[in-house]
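# Analysis of the macromolecular model
This is what each chain is made of:
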Amino acid sequence: MSIPENLADILARIDAARKAAIAPAPQTKLVAVSKTVSEAGIREAIAAGQRLFGENRVQEAQGKFPQLKAEFPDLTLHLIGPLQTNKVKDAAALFDAIQTLDRTRLADALAAERDKSGRCPQLFIQVNTGEEPQKAGVLPAETEALIAYARKLELPLIGLMCIPPVEDDVAPHFAFLAKLAKENGLSELSMGMSGDFEMAIRFGATHVRVGSAIFGERPKI
Ligand SMILES: *Cc1c(COP(=O)(O)O)cnc(C)c1O
């Protein structure tokens, strides 16, 4: 299937999942994950009407999106991969949201960049719900402290994000993230990928991050 066909299919499935959900979020946005996708592939998605994209590397996004954003002013871009503090300036200049705030040092760097340039993307805290040692994200037990820290710095924190362990049943992870967001007054929930976005919608996802189901399998590296 082509990119426009895949997109239409995913949007229809999002719609159906929202209709079937008992308590869906007021809105569920599709973040089209375009990492490793060529500019031509991204342009096909834009031509089909998609305007929200996700990239996991600052440098890769810098190679593709400045030109596209100049051409399509309503295009928005989310960073969904880990952010190093030395890339904060570049990230703040390009991304509309950063979904991967996971430590106080990064919060400090984002606040410093805001004070200097006036730029600060909207922020999600990434929670390592599976407590996987190799995975980015703040541990569940440390999440509330990081939320408080970000709020004290007056950062534009809007939600939480998670990537459940591949081998796990995802439902408990999504339920946990939704509960944590609600308890802390955060309205946005980024969860669900190509294989599990319908389940995430059941648990109130406001953003689903779908890559391979739109653009095809990525080359294995
Ligand atoms: C790559 C990626 C996705 C999309 O994964 P697919 O399985 O291709 O839909 C979603 N979220 C994050 C954080 C990713 O890195």
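Residues numbered from 1 in each chain as written. Predicted model: local features only at pLDDT ≥ 70, side-chain atom pairs only at ≥ 80, totals over all residues. Heavy atoms only, no water.

## Structural notes on unusual backbone geometry
- Even without glycine at this site, Thr36 takes up a positive phi of about 70°.
- With respect to the secondary-structure elements, Thr36 resides in the loop between strand 1 (29–33) and helix 2 (39–47).
- Positive phi, normally seen in glycine, also occurs at Glu154, with a value near 55°.
- Tracing the backbone shows Glu154 in the loop between helix 6 (140–152) and strand 6 (157–162). (Helix = DSSP H or I, 4+ residues; strand = E, 2+ residues; numbered from the N terminus.)

## As for the packing of helix 2 against helix 3 (residues 58–71)
- Running from N to C, helix 2 and helix 3 point in directions that differ by 30°, and their axes come no closer than 11 Å. One way to sum up the angle between helix 2 and helix 3 is to call them roughly parallel. Helix 2 and helix 3 meet at a crossing whose hand is right-handed. Residues Glu39, Ile42, Arg43 and Ile46 of helix 2 form the contact with helix 3, whose participating residues are Lys64, Phe65, Gln67, Leu68 and Glu71.
- Residue composition of the contact of helix 2 with helix 3, by class: four nonpolar, one polar and four charged. (Axes fitted to C-alpha atoms, helices over the stretch in contact; angles between N-to-C directions. Parallel < 35°, antiparallel > 145°, perpendicular 65-115°, else oblique. Left-handed = near helix turned anticlockwise from the far one by under 90°. Contact = heavy atoms within 4.5 Å. Nonpolar A, V, L, I, M, F, W, Y, C, P; charged D, E, K, R; others polar.)

## A word on the pattern of salt bridges
- One pass over the full model with this rule turns up 13 salt bridges.
- Between Arg43 and Glu39 there is a salt bridge, and its shortest N-O distance comes to 2.9 Å. A residue pair is termed a helical-turn pair when its members lie 3 or 4 positions apart in one helix, as Arg43 and Glu39 do in helix 2 at four residues.
- A relative accessible area of 28% places Arg43 in the partly exposed class.
- When its relative accessible area of 30% is taken as the criterion, Glu39 is described as partly exposed.
- We note a salt bridge from Glu60 to Lys64, for which the minimum N-O separation is 2.9 Å. (Salt bridge = Lys/Arg side-chain N within 4 Å of Asp/Glu carboxyl O. Buried < 20%, exposed > 50% of the residue type's maximum accessible area, 1.4 Å probe, protein only.)

## Some thoughts on the pairing of strand 8 (residues 207–210)
- Side chains of strand 8 alternate between two faces, with His207 and Arg209 and Val208 and Val210 buried alike.
- Both strand 1 and strand 8 contribute to a ladder of four bridges, which runs parallel. Each bridged residue has a counterpart across the sheet, and for Lys29 the counterpart in strand 8 is His207. (Pairing = 2+ DSSP bridges.)

## Looking at helix 6
- The set of residues buried in helix 6 consists of Pro140, Thr143, Leu146, Ile147 and Ala150. Projected onto a plane normal to the axis of helix 6, the buried residues spread over an arc of 110° and lie on a single side. Opposite the packed face of helix 6, turned more than 90 degrees from it, sit the exposed residues Ala141, Ala145 and Lys152.
- Looking at the buried residues of helix 6, the elements they touch are strand 4 (97–101), helix 5 (104–117), strand 5 (122–127), strand 6 and helix 7 (171–183).
- In the segment just after helix 6, Glu154 is the residue with positive phi, at about 55°. (Arc of directions from axis to C-beta.)

These values are about where atoms sit, not about what they do.
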